[in-house]
Amino acid sequence: MAQIPSTVPQLLNSLRTLNPTAPRLTWYGPDSERIELSGRVLDNWVAKTANLLADEFDAGPGTLVALDMPVHWRSLVWLLATWAVGATAAAGTGDPAGATAPAGATAGFGRADIVATANPAEAAERLVAARAAGQGGSTTLVAVALPALAMRWVGELPDGAVDYSGEVRSHADVFFPGDEPAADAAAWETPAGTATFAQLLAPGPAAGGQAGQEAGAPGTGPERALLEARNGWDGVVHDALQTWARGGSIVLLDPSVTATDRLRGTENVTRGSEAATPAAE
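For the structure given in this document, a descriptive report is provided here. Predicted model, so just to flag it, every value in this text is computed and none were measured.

### Some details on helix α4 (residues 120-132)
Then, number 1: Here α4 is 13 residues long and its end C-alpha atoms lie 18 Å apart, about the 18 Å a rise of 1.5 Å per residue gives.
Then, number 2: Burial in α4 covers these residues: Pro120, Ala123, Ala124, Arg126, Leu127 and Ala130. The arc that holds the buried residues of α4, viewed along the axis, is 165°, so those residues lie on one side. In α4, the exposed positions that point more than 90 degrees away from the buried face belong to Glu125, Val128 and Ala132.
Then, number 3: Positive backbone phi, at 85°, marks Gly134, one or two positions downstream of α4.

### Describing the packing of aromatic side chains
Then, number 1: Going through the model one piece at a time under the given rule, you end up with four aromatic pairs.
Then, number 2: Measuring from ring centre to ring centre gives 5.3 Å for Trp78 and Tyr164, while their planes differ by 55°; the resulting arrangement is tilted. Highlighted residues: Trp78 in helix α3 (residues 73-84) and Tyr164 in helix α5 (residues 164-168), separated in sequence by 86 residues. Both residues of the pair, Trp78 and Tyr164, count as buried.
Then, number 3: Where Trp83 meets Trp188, the ring centres are 5.9 Å apart and the plane angle is 90°; that geometry is what we call edge-to-face.

### Digging into α3
Then, number 1: End to end, α3 covers 17 Å across twelve residues, agreeing with the expected 16 Å (1.5 Å per residue, within 8%).
Then, number 2: Most of α3 is tucked away: twelve of the twelve residues are buried.
Then, number 3: Considered for burial, the residues of α3 that qualify are Trp73, Arg74, Ser75, Leu76, Val77, Trp78, Leu79, Leu80, Ala81, Thr82, Trp83 and Ala84.
Then, number 4: Looking one or two residues past α3, Gly86 carries a phi angle of roughly 85°, positive in sign.

### As for the sheet that holds strand β10 (residues 224-228)
Then, number 1: The strand order across the open sheet built from four strands is β2-β1-β11-β10, with neighbouring strands paired in mixed fashion. Across the chains shown, the open sheet's two edge strands, defined by having one partner strand only, are β2 (34-38) and β10. Pairs of neighbouring strands in the sheet enclose a mean axial angle of 15°, with direction left out of account.
Then, number 2: As defined by bridge partners, strand β1 (residues 23-28) adjoins β2 across five bridges and the pair is classed as antiparallel. Paired with Tyr28 across the bridge in β2 is Arg34.

### Details of the pairing of strand β6 (residues 140-143)
Then, number 1: Where strand β5 (residues 114-117) lies against β6, four bridges are found, and the strand directions are parallel. What sits directly across from Thr117, in β6, is Ala143.
Then, number 2: Bridge analysis of β6 against strand β7 (residues 162-163) gives two bridges, and the strand direction is parallel. In the strand pairing of β7, Ala143 is matched with Asp163.

### Re the pattern of salt bridges
Then, number 1: Per the stated rule, a full pass over the model turns up twelve salt bridges.
Then, number 2: Across the pair Asp173 and Lys48 runs a salt bridge whose closest N-O atoms are separated by 2.8 Å. Highlighted residues: Asp173 in the loop between α5 and β8 (186-190) and Lys48 in helix α2 (residues 39-57), separated in sequence by 125 residues.
Then, number 3: You can call Asp173 partly exposed: its relative accessible area is 40%.
Then, number 4: For Lys48, a relative accessible area of 12% corresponds to the buried category.
Then, number 5: Overlapping salt bridges, with partners in common, bring together Arg34, Glu36, Arg224 and Glu267 in one network.

### Details of the pairing of strand β11 (residues 249-253)
Then, number 1: Among the five residues in β11, five count as buried, and that is most of the element.
Then, number 2: The alternating pattern of β11 places Ser249, Val251 and Leu253 on one face and Ile250 and Leu252 on the opposite face, and all of these are buried.
Then, number 3: Pairing of β1 with β11, which is carried by four bridges, proceeds in the parallel orientation. Across the sheet, Leu25 pairs through a bridge with Ile250, a residue of β11.
Then, number 4: In this structure, β10 lies alongside β11, joined through five bridges in parallel fashion. Bridge pairing links Leu226 to Val251 in β11.

Rules used in this analysis
- Residues numbered from 1 in each chain as written.
- Predicted model: local features only at pLDDT ≥ 70, side-chain atom pairs only at ≥ 80, totals over all residues.
- Heavy atoms only, no water.
- Helix = DSSP H or I, 4+ residues; strand = E, 2+ residues; numbered from the N terminus.
- Expected span 1.5 Å × (residues − 1).
- Buried < 20%, exposed > 50% of the residue type's maximum accessible area, 1.4 Å probe, protein only.
- Arc of directions from axis to C-beta.
- Phe/Tyr/Trp six-rings, centres within 6.5 Å; stacked < 30°, edge-to-face > 60°.
- Pairing = 2+ DSSP bridges.
- Axes fitted to C-alpha atoms, helices over the stretch in contact; angles between N-to-C directions.
- Salt bridge = Lys/Arg side-chain N within 4 Å of Asp/Glu carboxyl O.

Geometric values such as these leave the question of function open.
Listed below in C-alpha cells is the structure:
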C-alpha cells in the first residue's frame with residue numbers, strides 16, 4: 001500500500017499516480033457552477049502554474065507569493081504550485097471580501113515578490129500604497145480570473161500585470177522541481193500564524209480515526225470531505241491537505257452555496273458540515 005505523503009512533491013506524485021482518474025477536488029460556485037478535478041487534472045493545473053512561476057517569474061525557495069484571492073479551486077491550485085516551486089505562500093482570511101480588503105489584510109502583501117489576485121485594479125492600488133509606506137519593491141502582479149471557463153482576463157489590466165488564464169495554458173503539463181526548500185523554511189503565512197514545509201503534511205489528528213493509516217488502506221473506503229470556503233484559509237487548507245494525503249477527495253463550497261443533505265448525498269460526502277440544511281422538496 002502507498003504510504004501517506006509527508007512532503008508536497010510526494011503529495012503531487014500521489015495525485016497523478018494513486019487512482020489518478022478519481023475525483024480529488026469538486027467545486028460548487030455561484031450560478032450553479034460545478035467543477036470536478038481528478039487527481040491527474042488537479043496535478044496538471046498545479047504543474048502548469050508551477051512552471052509559470054518558475055519560468056516566467058523565477059520563483060523558488062525564498063520567493064514570497066501573496067494569494068490575494070478568496071478560497072476557491074483556483075486559489076488552491078496556486079497554493080500547491082507555490083509550494084511545488086519551494087516558495088512561501090501568504091494569504092489573508094480567504095473570505096470573499098479578501099480580494100478587496102484594505103492594505104495589509106493579506107499576510108505578506110507589502111513584502112511579496114508576486115501577488116496573485118482576483119482584483120488586479122484594487123491590488124495595484126494597494127501595492128502603490130505599500131511602496132509609499134516604504135514596503136516592498138518590484139512586485140509582479142498576476143490577475144487570476146476565477147470563472148471556470150475564463151480563457152483570459154476580461155477588461156483592462158494595470159500596467160505590467162500578467163494575465164494568468166492567458167499565459168498558463170502554454171506551459172508544460174509536468175513540473176520538475178529544482179532546489180528543495182529547507183524543512184524549517186516558512187511555507188504558509190496567514191493571520192493565524194506561520195507553518196513550515198515540514199509542518200504542512202505532518203501527521204495529526206484526523207477525522208474518522210484515519211491518522212497513521214496507509215493511503216487507501218483496506219476498510220477505510222474513499223474519504224470525501226465537505227469543506228466550506230466561508231471558513232477561510234485556516235479552516236480549509238489543513239483539512240484539504242490531510243484528506244488528499246490519505247487518498248481522499250474534497251468537495252469545496254463557495255459561501256453562496258448551502259451544504260444541504262441532498263448535496264451531501266449526491267457527492268457521497270463521508271464527513272463535513274454534518275448539520276446540513278435539508279433541501280427543499
